[in-house]
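The primary structure of each chain is shown beneath.
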Amino acid sequence: MSVAVNTRPEAKPGILDITAYQPGKAKVDGVENPVKLSSNENILGSSEQAREAFKAAVDTLHIYPDSRATVLREAVARHFDLEPERLVFGDGTDEVLHLINQVFLEPGDNIVMGQYGFGAYAIGARACQAEVREAPEPDHRISVDEVLKRVDERTRLIFITQPANPTGTFTTRDELAALHAALPPRVTLVLDGAYAEFADDPRFTDGLELARTAENVIVTRTFSKLHGLAALRIGWAYCPAHIADALDRIRAPFNTSIAAQNAAVASLADTEFQERSRQHVLYWRPWLAQQLGGLGLDIVPSQANFVLIGFPKTPGHTAKEAESFLARRGWIVRGVANYGLPDHLRITIGLEEHNRAVVDALTEFMGR
Ligand SMILES: Cc1ncc(COP(=O)(O)O)c(C=O)c1O
């Protein structure tokens, strides 16, 4: 009888079935200084005060950061009127999402997310040997019914992005309330608000109100988008106290740096920069949607700092060809075939000159 013997260490089952996260491209061969509209970064940069705070941290390089991020914790709690002890800080929301998966998922458990949901949820769940259930999103929106149909006794987490990436759509306050009301209390509803500040629809909610009193709701937020601090990696979760306690037990103790904590505090105080960033998106988002819609492209209504655009399947006018056409002209946008959207491109709202140039380029592309 032969017994299979490993000749080298093997990853545990499932790990090598995971497709690694694909970040937005930043380079195009043969094009110098292309403009990156592929990662939903803040096109205005970051707050001057945050930059100063970052520079000032140079004298602290030899010191471990405050593991509890006390000053930042107090600042976020004040800004959003939350209880400081219910906040958990991470190395970007990305780490917080991993911690949530690790705290709740055993092999054989499952998570439910939208079919176009953000890729990181599934990666973290699969790393815990959990099953990922994707609920169909008719019209690129979460359907509460479709989510609920997939909940069973092994469901531990539901991930809703509010508003969603890559679609830009959102789940209304009433829909979220209905979803939450229908969930068994042992299921945790995670509302990822990476783009929440850019939403202006009166039916939108960032979920913090629901999270204040519910025992099974977590809201995550980030400094990467509105604050333009993506490089510094600060995300946070507002959780029920018992969940914050669990997450903190497995969190790496020094997961957010001194420079990042201090810059985030300074950025939070710079409400002028936040408002300018928000207003920029609120002005150019409908403009881009209207202009691109006028070219006959299919615009998915967005509440985020990007728009998702559907292209025809006709050769010469496909999303893939449009992506290359734009790239050759120095505009890097995001192909989203890996999200099951091969006919769409996601474009971050740029500066005025970027937005106008992208519209001009796509006008030429569609007119060919
Ligand atoms: C929906 C969503 N959640 C979370 C993240 C990650 O954010 P962070 O930079 O805080 O890790 C992103 C980043 O693109 C995102 O789009």
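Keep in mind the model is a prediction, meaning the values are calculated, not measured.

1. Overview of the environment of Phe 273
Topologically, Phe 273 is positioned in helix α10 (residues 271–293). It is 31 Å that separates the C-alpha atoms of Phe 273 and Asp 248, two residues lying 25 residues apart in sequence.

2. A word on the site of the ligand
Taken together, 13 residues lie around the ligand, and Gly 92, Thr 93, Thr 222, Ser 224 and Gly 235 are the ones closest in. Among the residues making up the shell around the ligand, the classes are represented as three nonpolar, eight polar and two charged.

3. Considering unusual backbone geometry
Here the residue pair Gln 162 and Pro 163 is connected by a cis peptide bond, since its omega of -5° sits within 30 degrees of zero. Tracing the backbone through its elements, the reader meets Pro 163 in the loop between β5 (155–161) and α6 (173–182). In this structure, the amide linkage connecting Asn 165 to the following residue, Pro 166, adopts the cis form with an omega of 15°. Notably, Gln 129 is not glycine yet its phi reads approximately 60°, a positive angle. Overall, Gln 129 belongs to the partly exposed group, with 15 C-beta atoms counted inside 10 Å. In this model, His 140 sits at a positive phi of 60°, which is unusual for a non-glycine residue.

4. Here's the deal with the environment of Asp 360
As for its placement among the helices and strands, Asp 360 is situated in helix α12 (residues 352–367). On the basis of neighbour count, Asp 360 is assigned to the exposed category, with 12 C-beta atoms found within 10 Å. Considering only alpha carbons, one finds Asp 360 and Gly 30, 330 residues apart in sequence, at a separation of 21 Å.

5. Observations concerning the domain arrangement of the protein chain
Partitioning the protein chain into structural domains gives domain 1 (15–45 + 272–367) and domain 2 (48–269). Look at where the C-alpha atoms of domain 1 and domain 2 centre, and you get two points 25 Å apart. With 28 residues of domain 1 in contact, the opposing surface of domain 2 contributes 26 residues. Counting residues per element, the ones that place at least two in the side of domain 1 that touches domain 2 are α10, β10 (306–310) and β13 (341–348). When grouped by side-chain class, the residues that make up the side of domain 1 that touches domain 2 number 15 nonpolar, nine polar and four charged.

6. Concerning the pairing of strand β3 (residues 110–114)
For β3, a buried count of four out of five residues is recorded, marking the element as mostly surrounded by other parts of the structure. Note: β3 against strand β4 (residues 131–135), five bridges, orientation parallel. Bridged to Asn 110 within β4 is Glu 131. In this fold, β3 hands off to helix α4 (residues 119–127), which returns the chain to β4; that crossover is right-handed. Where β3 lies against β5, four bridges are found, and the strand directions are parallel. Among the inter-strand pairings, Ile 111 is bridged to a residue of β5, identified as Leu 157.

Conventions we followed
Residues numbered from 1 in each chain as written. Predicted model: local features only at pLDDT ≥ 70, side-chain atom pairs only at ≥ 80, totals over all residues. Helix = DSSP H or I, 4+ residues; strand = E, 2+ residues; numbered from the N terminus. Near = placed C-beta within 6 Å. Nonpolar A, V, L, I, M, F, W, Y, C, P; charged D, E, K, R; others polar. Buried ≥ 20, exposed ≤ 12 C-beta atoms within 10 Å, placed from the backbone. Domains from an automatic or database assignment. Contact = placed C-beta atoms within 7 Å. Pairing = 2+ DSSP bridges. Right-handed = clockwise from strand over helix to strand, strands pointing away.

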